[in-house]
Amino acid sequence: MRSLLSGLGMALALCASSHAHGQKATEQFIPIGQSPGVSLKYSSIGEVADVNPAAQTVTIADPAGPRTVRITEKTRIWLDRTKLKQTNVPGRFADLQKGRRVEVKYADPERRDVAEWVKVEISQP
């Protein structure tokens, strides 16, 4: 009986981690604001207020106030083309343009100073 319960515990742990891994693998395709368990909990949504290419930072006009976030070589940038009824695609730092709506997930939810990923809304071709 003990081994059965131990096995069930292991199976539940694997299922829980595979869900998180599955979402990480498909996060690129989830529209801004719709990431289960992430959007507005571990991320911010707002317009790009400023971009500093030299410092590799972007300032987001967050409802809680402006927030400057560093973009690193590990930060993934995706173009959310949902409004165009097209598949989302990888983006680059140059796509972070003033006035564009973005969602930024923080690498450290406490500090909120480095982006793990950024989704950039593209509403015009």
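Calculation rules
- Residues numbered from 1 in each chain as written.
- Predicted model: local features only at pLDDT ≥ 70, side-chain atom pairs only at ≥ 80, totals over all residues.
- Heavy atoms only, no water.
- Helix = DSSP H or I, 4+ residues; strand = E, 2+ residues; numbered from the N terminus.
- Buried < 20%, exposed > 50% of the residue type's maximum accessible area, 1.4 Å probe, protein only.
- Contact = heavy atoms within 4.5 Å.
- Areas by Shrake-Rupley, 256 points an atom, 1.4 Å probe, with all protein chains shown as cover.
- Polar contact = N/O pair within 3.5 Å; in protein donor to acceptor, adjacent residues only side chain to side chain.
- Phe/Tyr/Trp six-rings, centres within 6.5 Å; stacked < 30°, edge-to-face > 60°.
- Lys NZ or Arg CZ within 6 Å of the ring centre and 35° of its normal.
- Pairing = 2+ DSSP bridges.

Asker: Looking at this structure, how should I read the overall build of the protein?
Answerer: Secondary structure assignment for the protein yields 1 helix and 7 strands. The linear arrangement of helices and strands in the protein, starting from the amino end, is α-β-β-β-β-β-β-β. Within the protein, buried positions represent 35% of all 125 residues. Of the contacts made within the protein by residues no fewer than 6 positions apart, 56% connect residues no fewer than 24 positions apart. Carbon and sulfur atoms form 56% of the exposed surface of the protein, whose accessible area is close to 7900 Å².

Asker: Honestly, the side chain of Thr-59 in this entry has me stumped. Any pointers?
Answerer: Locating Thr-59 in the fold gives a position in strand E2 (residues 57-62). Using a relative accessible area of 14% as the deciding quantity, one classes Thr-59 as buried. Of the polar contacts made by the side chain of Thr-59, one reaches the side chain of Thr-68; its length is 2.9 Å.

Asker: Quick question: what am I supposed to make of the packing of aromatic side chains here?
Answerer: The geometry of two aromatic rings is summed up by the distance between their centres and the angle between their planes. Enumeration according to the criterion identifies 1 aromatic pair in this entry. Its guanidinium or amino end placed over the ring of Trp-117, Lys-119 lies 4.6 Å from that ring's centre, counting from NZ or CZ.

Asker: Can you help me understand the sheet that holds strand E4 (residues 76-80) in this one?
Answerer: Each strand in a sheet pairs with its neighbour through backbone hydrogen bonds, running either in the same direction (parallel) or in the opposite one (antiparallel). In space, the 7 strands of this open sheet follow the order E3-E2-E1-E6-E7-E4-E5, with mixed pairing throughout. Each end of this open sheet is capped by a strand with a single partner; those strands are strand E3 (65-70) and strand E5 (89-90). When strand E6 (residues 101-106) meets strand E7 (residues 115-121), the two strands line up antiparallel, connected through 5 bridges. Note on E7: the bridge partner recorded for Lys-105 is Trp-117.

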